[in-house]
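As a plain string of letters, each chain reads:
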Amino acid sequence: MNDSLTAKRARPADALAYGAIYLCAFFSVALLAVLLGYVLVRGIGVINWQFLTTVTSVLKGTVGIAGNLLNTLLIVLLTMLIATPLGVGAAVYLNEYARPGKLVSAIEFATETLSGIPSIIFGLFGSMFFGETLGLGYSLLTGSLTLILMVLPLLTRNTQEALKTVPDSYRTGALGLGAGKWHMIRTVLLPSATPGILTGAILAIGRIVGESAALLFTAGSAKALPKTFAKLLEKIFHSGGTLTIQLYLSATADGDFTTAFGIAVVLLVLVLCINLTAKKLASKLDPTRRK
Amino acid sequence: MKRVPEGHPGHKAFTAEAVARALLLICAVAAIFAVCAITFYMFAKGLPALGKVGVTELLFGTTWKPTAAEPQFGIAYIILSSIVGTAFSVLLGVPVGLMTAVFLTEVSAKRMAAVVQPAVELLAAIPSVIYGLVGMMVLNPAMYKLEKLIFAGSSTHQFTGGANVLSAVIVLAIMILPTVISVSASSLRAVPDAMRAASLALGASKMQTVFRVTIPAARSGILTGVVLGIGRALGEAMAINMVAGGSVNLPLPFNSVRFLTTQLVSEMSYAEGTHRQVLFTVGLVLYLFILAVNLVLLKLRKKGAEKE
């Protein structure tokens, strides 16, 4: 052995491993870049004022997605309106009231199971239960009720995490001053946990915007715009296709790829904004955690 | 009037407290109700067809002719396609995902990880219909070229235009990447630095440490990521419906196939009678697969918790 102790032995296996690791990481980033680039190049030309603010008209030969944008917005609003209190309430109960036992583990197991169920099953169940059994048919309401089940675990879990970051001294302080438990939760706990809860809500909105399989058999595919405000409220009980559903139908049933890529660009922009907002909020949350 | 102290049953706030507690409990058990209702409906709607068509004929039959004069409802190839598609996408996606996770946690400089990490998060947020659309426009034509090359002159092969098992496997592998990466990365991060330091101090190289110490130590977490990936691949519907073609076939690489999920997506809207009931059975089979995956996850998590 003439090597010195400090000399590095060449290890071909190590070099190979490094190569594989860098290649895989590069692949993951390149994949995203190619995906975004391809969709933008194919779809950006389609986007104009008319595309975003009108409804497709066969008579005029124009294409527009305003109806689908509105449906997406309505479904997001309707779903979050019910799902947020439900998810936050569940988390508050689990974190603040419940004692470890059978009920808690049952709830946690149910939440876990719910988060593992694929969206197509939610869609199937939603169309059977809300659509047929409750007689809501293909409607935005059926779609929203279905999506509530889907985003519930996400909201519950994020709120639980947020509640865990609130120091116990806040709780004992408020209770020591004579506040009732619910009063303490309402005025001290929930305000301090707001950034975390909001992050969860925004992530849930992201999932709703991107969801398609659960909506195909529940919300349907109509794309007309309501003419009056009363009609807008009525719309909740009528069928309405979101952006994702319209993209799917344009690409498969209609073979209209130009429109499909246009919608894809709109969806990507939405998802990007939602993701960035969630990130901003989460980073706001972080420093308080370290304190 | 005598003043009632707060917290005392006679106090006004006491009832508010009780109401709040009851309402919160209702919120909490909503998840249990949801899971029970879904399970009940999947079984109630999925079982009748088994009796009507016959268990063996339905589950092990290979001919799918739901609208023929003599309809046949064999879903064996559909089940097989889901299993094969999921298995190969996991085989393809997990190594890439694990290596990327190693890059994020063990190898890369902070500045590079700051690019890769958000990219992975964004990949997870992209709607599945967009994966399907790009797959249709990029992957399928490429597969068609390959198909024409391989099967040139073949008279038995049915050309699919590139909508085949391979396309679906690639799309699925890409779609499970973010799950595998983020779960593996967080379990690698949880490995104590003392273990790495000990291994390096004993003279092992960085890569030896990664592959013989860090990854084995994070094994149960990585396995959780793999199982989550299996669940995602089994349940994905829209994207692979757009790239995998539309006929029930044996899942050979260049055959167009139907998966459990895509069978539902494409036929649910017009199916009637027994056909519709059989589709519910397809849903039930998928649901049972997912429940099995969930049980494995639960076992893994328990094991992980015991270790800590």
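Quantities reported herein were computed from a predicted structural model and do not represent experimental measurements. (Residues numbered from 1 in each chain as written. Chains lettered and ligands numbered in written order. Predicted model: local features only at pLDDT ≥ 70, side-chain atom pairs only at ≥ 80, totals over all residues. Heavy atoms only, no water.)

Q: If you had to explain empty space enclosed by the protein to someone new, which residues and values would you point to?
A: Tallied over the full model, the rule gives 3 cavities of 30 Å³ or more. By volume, the largest cavity amounts to about 50 Å³. Phe109, Glu112 and Thr113 of chain A together with Asn294, Leu297 and Leu298 of chain B together form the lining of the largest cavity. Residue assignment for the lining of the largest cavity shows that the elements contributing at least two residues are helix H4 (102-116) of chain A together with helix H12 (273-307) of chain B. Split into classes, the residues belonging to the lining of the largest cavity amount to 3 nonpolar, 2 polar and 1 charged. (1 Å grid on protein atoms, 1.4 Å probe; cavity = no way out; pocket = protein on both sides within 12 Å on 5 of 7 lines; lining within 4 Å. Points joined across faces, edges and corners; volume = space filled by probe spheres on them. Helix = DSSP H or I, 4+ residues; strand = E, 2+ residues; numbered from the N terminus. Nonpolar A, V, L, I, M, F, W, Y, C, P; charged D, E, K, R; others polar.)

Q: Please set out the interface of chain B and chain A residue by residue, giving values where relevant.
A: Listed per partner, the contact involves 75 residues of chain B and 74 residues of chain A. Buried surface at the junction of chain B and chain A, summed over both partners, amounts to about 6600 Å²; 80% is from carbon and sulfur atoms. Inspection of the region where chain B meets chain A yields 4 salt bridges. In this structure, the salt-bridge partner of Lys45 of chain B is Glu132 of chain A, at a minimum N-O distance of 3.7 Å. Joining chain B to chain A, the criterion identifies 12 residue pairs in polar contact (both at pLDDT 80 or more). Here the side of chain B that touches chain A takes 19 residues from helix H1 (residues 12-53) of chain B, the largest share from any one element. Considered class by class, the residues forming the side of chain B that touches chain A number 56 nonpolar, 11 polar and 8 charged. (Contact = heavy atoms within 4.5 Å. Buried area = accessible area lost by both parts, 1.4 Å probe. Salt bridge = Lys/Arg side-chain N within 4 Å of Asp/Glu carboxyl O. Polar contact = N/O pair within 3.5 Å; in protein donor to acceptor, adjacent residues only side chain to side chain.)

Q: Provide a residue-level description of the side chain of Gln246 of chain A, including the pertinent values.
A: Take Gln246 of chain A: it is sitting in helix H11 (residues 243-251). Residues contacting Gln246 of chain A, with those up to four places away along its chain left out, are Asn68, Ser221, Lys223, Asp254 and Ile263 of chain A.

Q: Just give me the short version of a nonpolar patch on the surface, but keep the residues and values in it.
A: Residue and element names in this part refer to chain B. On the surface, a cluster of nonpolar side chains totalling about 290 Å² of accessible area is made up of Val19, Leu23 and Ile26. In this fold, Ile26 is placed in helix H1. Residue classification places Ile26 among the exposed residues on the basis of a relative accessible area of 54%. (Patch = residues over 30% accessible without salt bridge, like charges linked within 9 Å, V, L, I, M, F, W, Y side chains within 5 Å. Areas by Shrake-Rupley, 256 points an atom, 1.4 Å probe, with all protein chains shown as cover. Buried < 20%, exposed > 50% of the residue type's maximum accessible area, 1.4 Å probe, protein only.)

Q: Before we move on, can you summarise the packing of aromatic side chains with the specific residues and values?
A: For the coordinates displayed, the defined rule picks out 11 aromatic pairs over all chains. With 5.3 Å between their ring centres and 80 degrees between their planes, Tyr22 of chain A and Phe103 of chain B make a pair best called edge-to-face. With Tyr22 of chain A in helix H1 (residues 12-43) and Phe103 of chain B in helix H3 (residues 76-107), this residue pair bridges two chains. Under the relative-accessibility criterion, Phe103 of chain B is labelled buried at 2%. Seen from their ring centres, Phe151 of chain B and Phe254 of chain B are 5.6 Å apart, and the 75 degrees between their planes marks the pair as edge-to-face. Here Phe254 of chain B lies in the loop between helix H10 (238-243) and helix H11 (260-267) and Phe151 of chain B lies in the loop between helix H5 (128-150) and helix H6 (165-189), a separation of 103 residues in the sequence. The exposure class assigned to Phe254 of chain B is buried, which follows from its relative accessible area of 10%. Clustering of aromatic rings is evident, with ring pairs tying together Phe125, Phe129 and Phe130 of chain A together with Phe40 and Tyr41 of chain B. (Phe/Tyr/Trp six-rings, centres within 6.5 Å; stacked < 30°, edge-to-face > 60°.)

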